[in-house]
Amino acid sequence: MQKYKIILFLFSLFSAICYSQDCNYYSSLVDCRIIMHRDYKIYLHPKYTTIGINDTLTYNIVFNGKSDYVITLCTNQKFYPINIKLLQPVTGKELFDNAKDGYIESLGIGFDNTQNIILKVVLLAKKNGKGKILKNEKACVSLSLQCKAYSKDNE
Amino acid sequence: MKKSNCFFVGILFLLLISACKGRGTDIKKPADASDIKALDSSSIKKALRNVYFMFPSPVEILTAINQGGLVYKPELLNSIENREKYVKPNDQYLNLGVYLADFSYCALFARNNDAEVYLETIKKLSDEVSLSTEIDKGLIEKVKNKVNTVDSLVKITDEFFFKVVNDLEGNYRHNDVAIISIGAYIECLYLSINNVNKYSEESLLIRKIAEQKYAFNILYQYCKKHISNEDLIKSFSYIKQINDAFGQFSEHKEMVKVKKVGNSRLLISGGSTSVVTEAEFKAFKKNITKIRNSITK
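Residues numbered from 1 in each chain as written. Chains lettered and ligands numbered in written order. Predicted model: local features only at pLDDT ≥ 70, side-chain atom pairs only at ≥ 80, totals over all residues.

Trainee: Give a detailed account of the overall build of chain A, specifying residues and quantitative values.
Mentor: Each helix and strand counted, chain A has one helix and eight strands in total. In chain A, the succession of α and β elements from N to C terminus is α-β-β-β-β-β-β-β-β. Residues counted as buried form 34% of the 155 residues belonging to chain A. Across chain A, every contact between residues at least 6 apart in sequence was considered, and the portion connecting residues at least 24 apart equals 80%. (Helix = DSSP H or I, 4+ residues; strand = E, 2+ residues; numbered from the N terminus. Buried ≥ 20, exposed ≤ 12 C-beta atoms within 10 Å, placed from the backbone. Contact = placed C-beta atoms within 7 Å.)

Trainee: Help me get a handle on the overall build of chain B, residues and values and all.
Mentor: Tallying secondary structure elements over chain B gives 12 helices and three strands in all. Contacts in chain B between residues far apart in sequence, at least 24 positions, make up 77% of those at least 6 positions apart.

Trainee: Lay out the confidence of the model for chain B in plain terms, naming residues and giving numbers.
Mentor: Residues and elements named next belong to chain B. Scored by pLDDT, chain B comes out at a mean of 83, with 78% of its residues at no less than 70. Segment residues 15-40 is flagged for pLDDT under 50; beyond a separation of four residues in sequence, or across chains, it makes 37 contacts in the model. As scored by the predictor, the complex reaches a pTM of 0.83 and an ipTM of 0.81. (pLDDT = per-residue confidence, 0-100.)

Trainee: So, the environment of Ser181 of chain B: which residues are in play, and what are the values?
Mentor: The topology assignment puts Ser181 of chain B in helix α8 (residues 174-193). In contact with Ser181 of chain B, not counting residues within four places along its chain, are Phe55, Gly97 and Leu219 of chain B.

Trainee: Pulling in residues and values, what's your account of the confidence of the model for chain A?
Mentor: Model confidence for chain A is summarised by a mean pLDDT of 82, while 75% of its residues fall at 70 or above. Predicted confidence for residues 13-21 of chain A stays below pLDDT 50, and this span has nine contacts to residues more than four positions away or in other chains.

Trainee: So what's going on with unusual backbone geometry? Which residues, and what values?
Mentor: Residues and elements named next belong to chain A. With an omega dihedral of 0°, the bond running from Tyr80 to Pro81 counts as a cis peptide bond. With respect to the secondary-structure elements, Pro81 resides in the loop between β3 (67-75) and β4 (82-87). In this structure, Leu44 is a non-glycine residue whose phi angle is positive, near 55°. Residue class for Leu44 comes out buried when judged on the 20 C-beta atoms lying within 10 Å of it. Of note, Asn136 is a non-glycine position whose phi angle comes to about 65°, a positive value. By secondary structure assignment, the location of Asn136 is in the loop between β7 (115-123) and β8 (138-149).

Trainee: Before we move on, can you summarise the packing of α8 of chain B against helix α12 (residues 278-296) of chain B with the specific residues and values?
Mentor: Residues and elements named next belong to chain B. Contact pair α8 / α12: the axes reach a minimum separation of 9 Å and the direction vectors enclose 130°. As far as their axial angle goes, α12 and α8 are oblique. When the axes of α8 and α12 are compared, the crossing they make is left-handed. In contact with Gly183, Ile186, Glu187, Leu189, Tyr190 and Ile193 of α8, α12 contributes Lys285, Ile288, Thr289, Ile291, Arg292 and Ile295. The residue makeup of the contact of α8 with α12, split by class, is seven nonpolar, two polar and three charged. (Axes fitted to C-alpha atoms, helices over the stretch in contact; angles between N-to-C directions. Parallel < 35°, antiparallel > 145°, perpendicular 65-115°, else oblique. Left-handed = near helix turned anticlockwise from the far one by under 90°. Nonpolar A, V, L, I, M, F, W, Y, C, P; charged D, E, K, R; others polar.)

Trainee: So, the environment of Leu119 of chain B: which residues are in play, and what are the values?
Mentor: Residue and element names in this part refer to chain B. Its place among the elements puts Leu119 in helix α5 (residues 112-128). On the basis of neighbour count, Leu119 is assigned to the buried category, with 22 C-beta atoms found within 10 Å. Sequence separation of Leu119 and Pro56 is 63 residues, and the distance between their C-alpha atoms is 20 Å.

Trainee: For the sheet that holds β3 of chain A, give the residues involved together with the corresponding values.
Mentor: Across the sheet, six strands lie side by side as β1(A)-β8(A)-β3(A)-β6(A)-β3(B)-β2(B); this open sheet has mixed pairing. Every interior strand has two partners, whereas the edge strands, β1 (41-52) of chain A together with β2 (250-261) of chain B, have only one. Taken pair by pair, the neighbouring strands of this sheet meet at an average axis angle of 20°, ignoring direction. Bridge count between β2 of chain B and strand β3 (residues 265-275) of chain B: 10 bridges; the pairing is antiparallel. Paired with Lys259 of chain B across the bridge in β3 of chain B is Leu267 of chain B. (Pairing = 2+ DSSP bridges.)

Trainee: Describe the pairing of β3 of chain A, and please don't skip the residues or the numbers.
Mentor: Residues and elements named next belong to chain A. For β3, the tally of buried residues reaches seven of nine residues, placing the bulk of the element in the interior. Sheet analysis places β3 next to strand β6 (residues 106-111), joined by six bridges and oriented antiparallel. Within β6, the residue paired with Ser67 across the bridge is Phe111.

Trainee: Any details on α8 of chain B? Residues and values, ideally.
Mentor: With 20 residues, α8 of chain B extends 28 Å between its outermost C-alpha atoms, agreeing within 8% with the 28 Å of an ideal straight helix rising 1.5 Å per residue. With 20 of 20 residues buried, α8 of chain B is to be regarded as a mostly interior element. (Expected span 1.5 Å × (residues − 1).)

Trainee: Lay out α12 of chain B with the relevant residues and their values.
Mentor: Residue and element names in this part refer to chain B. The end-to-end C-alpha separation of α12 is 27 Å, in line with the 27 Å expected for 19 residues at 1.5 Å each. Along α12, the residues that are buried comprise Phe281, Phe284, Ile288, Ile291, Arg292, Ile295 and Thr296. Looking straight down α12, one finds its buried side chains confined to an arc of 125°; they lie on one side. What points out from α12, more than 90 degrees from its buried face, is the exposed set Glu278, Ala279, Lys282, Lys286, Lys290, Asn293 and Ser294. (Arc of directions from axis to C-beta.)

Trainee: Now, about the sheet that holds β7 of chain A: what can you tell me, with residues and values included?
Mentor: Read across the open sheet, the five strands follow the order β5(A)-β4(A)-β7(A)-β2(A)-β1(B); overall the sheet is mixed. Each edge of the sheet is formed by a strand with only one pairing partner; in this case those strands are β5 (94-97) of chain A together with β1 (51-54) of chain B. Shown here is a sheet whose adjacent strand axes are inclined to one another by a mean of 20°, direction ignored.

Trainee: Tell me what's going on with the environment of Lys225 of chain B, and back it up with residues and numbers.
Mentor: Residues and elements named next belong to chain B. Within the secondary structure layout, Lys225 lies in helix α10 (residues 213-226). For Lys225, a count of 20 C-beta atoms within 10 Å puts it in the buried group. Residues Lys225 and Asn175, spaced 50 residues apart in sequence, show a C-alpha to C-alpha distance of 9.6 Å.

Trainee: Pulling in residues and values, what's your account of the pairing of β6 of chain A?
Mentor: The buried fraction of β6 of chain A amounts to five of the six residues, a majority that puts the element mostly inside the structure. With four bridges connecting them, β6 of chain A and β3 of chain B associate as parallel partners. What sits directly across from Gly110 of chain A, in β3 of chain B, is Leu267 of chain B.

Given below as structure tokens:
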């Protein structure tokens, strides 16, 4: 009886850990760890959100003028590529679409003036062979921002 | 069933219950009976479900404004003795935000002693509103013990603010996040605006203050999404008034240009910049001071 108790206990503990996995702890997973760029510091606070394929996440963010930023998005391997679009809030004018850039997941941006930018994120999950996605399966998406004082180098 | 077996089944049940834990910020509590419809319609809130308003911390706001040259003026800070006057929860949350901004201001200027005093006040006030359980006590100790260098103090202050926000949001207390942030933002603005001794059209400090319209607008939208309680209308009206006041400034608009540099870097120039006249600035300063003093009185 004692043996079954231990097995049952371990099974329950395992399921509790697996299924109660809060999206906020996602950054601790190896493939979503935040890598700090040299001279940059964390801006705002990393955001972890759960969405399904083709759902749109919208982030409303203020970027300070005379500053450089690195925007990094990350999710579960199966859900790549991630489509990232930058839009102007009032006009909705598209400033950038990473579909034209091979779906890069990390983007550096320098801002001359302070701007309010809308960031739209969609998980496309078009990479084959990365694991089967169940119907209605959702994934954690992490957004991290880093910033530093503006430099016009590489211009 | 033996006693030990009952205990074991109980433990299993608790573990399985914990496995059903939700995702914090995404799942909303059912509307309270006292919720009001006036602030926003449910359809708008539904549309905003996957929209996240990422507003900066008080220390990030002050750091941005500091590019225009802030000076440390301790006489502007809200006296720690006022804390005992705040009895109503709404006043306590607003002033918790005010003290968080004051703490950030001290941290920005490496005023270690003042920072520690304000941290103690934050601790006491957060105890009164049952926030301490949400704040990791280790973090508070870290703040107390590491008030040595400006960078680490600023970093810890920043982490502290977001820890409070995260913990509250994780417990569906978005209302509280909104009210604390309103208090903090108003205090940041008050501290900054009272650093301007003389108006000048070219003043970088005034320009940096005016640029905060974006951060205030994001907080305003966050409040619109989350404030649903009648008791909080007064606090909501503060942020609305300030958001409207920012909207009074004239704007110089330039077309936004995007230039690609290398493989993964963009340069974005142009956009709109606020042009603040002397009369507009004076009216704005008067308005902010009046609102701030009505919060801290």
